[in-house]
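Coordinates in review
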Amino acid sequence: MKIFKFVLVLLVMVANLVFVPPSWADAPKTPRYASNPDYIEVTEALNTLKAAKDAPDTAQNYTPEELRKKIAQLEFQKYTLETGKPWGQCRNETGKTLAVYGPKRKKAAESSYENALYFLADGQTTEHKWDCDGIYLPSDVNATDLRSADQPSQQLTGGLAVKIVDGTQVVARANPDTAAVEFNVPTAKIFQPGDANWFVPDVTQAYIDSQLPNAPTEEND
């Protein structure tokens, strides 16, 4: 009888191991991009615009076509954040030194800003996996912000920061006719001084050109 009970208990234990999922199994992992502030912001903006699309009375700042295009742009940014690399990359083809934003320097003095300003030489690309957050536009330089393939471009006046989305490579070029800086992709956001916790100085391109390049770059550039 004791042997029978022992065998019965053993069979129950084996059945539990085979048919019942172990309680210590790993819980589903949260996607890495879910906690990305850019992803959260883009998702919230996209949800807001989609709600506005369903309720036209709340979409007073956009025409139906503008609303459609803005939603498409945000959907693409969201897709990029979900499927791309968790960092951005900047390339300088302006013919001059380009000021870019990136991670704070580990050994630098304490700073209240969330990132730091670096200088990228002409023809250089920021280093693989080094997160380029954006580009600084000097006060005496104008730029053309590509809105989308079927939207007119927006003219930007210097003294501001241009934010880029993680997972994208932004190429800055100088228009040979107007000397305005042009970007190969639409910018994620434009920061005026005080709009974000970024250092946005009031300096000219000549001052930027006087700085020694110090942005980490690709070895083959």
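Residues numbered from 1 in each chain as written. Predicted model: local features only at pLDDT ≥ 70, side-chain atom pairs only at ≥ 80, totals over all residues. Heavy atoms only, no water.

Here we take up the pattern of salt bridges. Taken as a whole and assessed by the stated rule, the structure comprises two salt bridges. Glu93 is the partner of Arg173 in a salt bridge, and the nearest nitrogen-oxygen pair spans 2.8 Å. Of this pair, Arg173 sits in strand 8 (residues 169-174) while Glu93 sits in strand 1 (residues 89-93), placing them 80 residues apart in sequence. Shared partners join several salt bridges into a network, and the residues in it are Arg91, Glu93 and Arg173. (Salt bridge = Lys/Arg side-chain N within 4 Å of Asp/Glu carboxyl O. Helix = DSSP H or I, 4+ residues; strand = E, 2+ residues; numbered from the N terminus.)

Another point: the sheet that holds strand 6 (residues 154-157). Taken in spatial order, the five strands of this open sheet run 1-8-9-5-6, and their pairing is mixed. Two strands bound the open sheet, and with one partner strand each, they are strand 1 and strand 6. Neighbour-to-neighbour, the strand axes of the sheet open up by a mean angle of 25 degrees, direction not taken into account. Sheet topology note: the strand 5 (residues 142-145)/strand 9 (residues 181-183) ladder contains two bridges and is parallel. Bridge pairing in strand 9 links Thr144 to Glu182. (Pairing = 2+ DSSP bridges. Axes fitted to C-alpha atoms, helices over the stretch in contact; angles between N-to-C directions.)

Take the sheet that holds strand 3 (residues 116-120) next. Pairing is antiparallel in the open sheet, where five strands are placed in the order 3-2-4-7-10. The sheet is open, and its two edges are formed by strand 3 and strand 10 (189-191), each paired on a single side. The mean inter-strand angle of the sheet, taken between neighbouring strand axes irrespective of direction, is 30 degrees. When strand 7 (residues 160-163) meets strand 10, the two strands line up antiparallel, connected through three bridges. Its bridge partner lying in strand 10, Ala161 is registered against Phe191.

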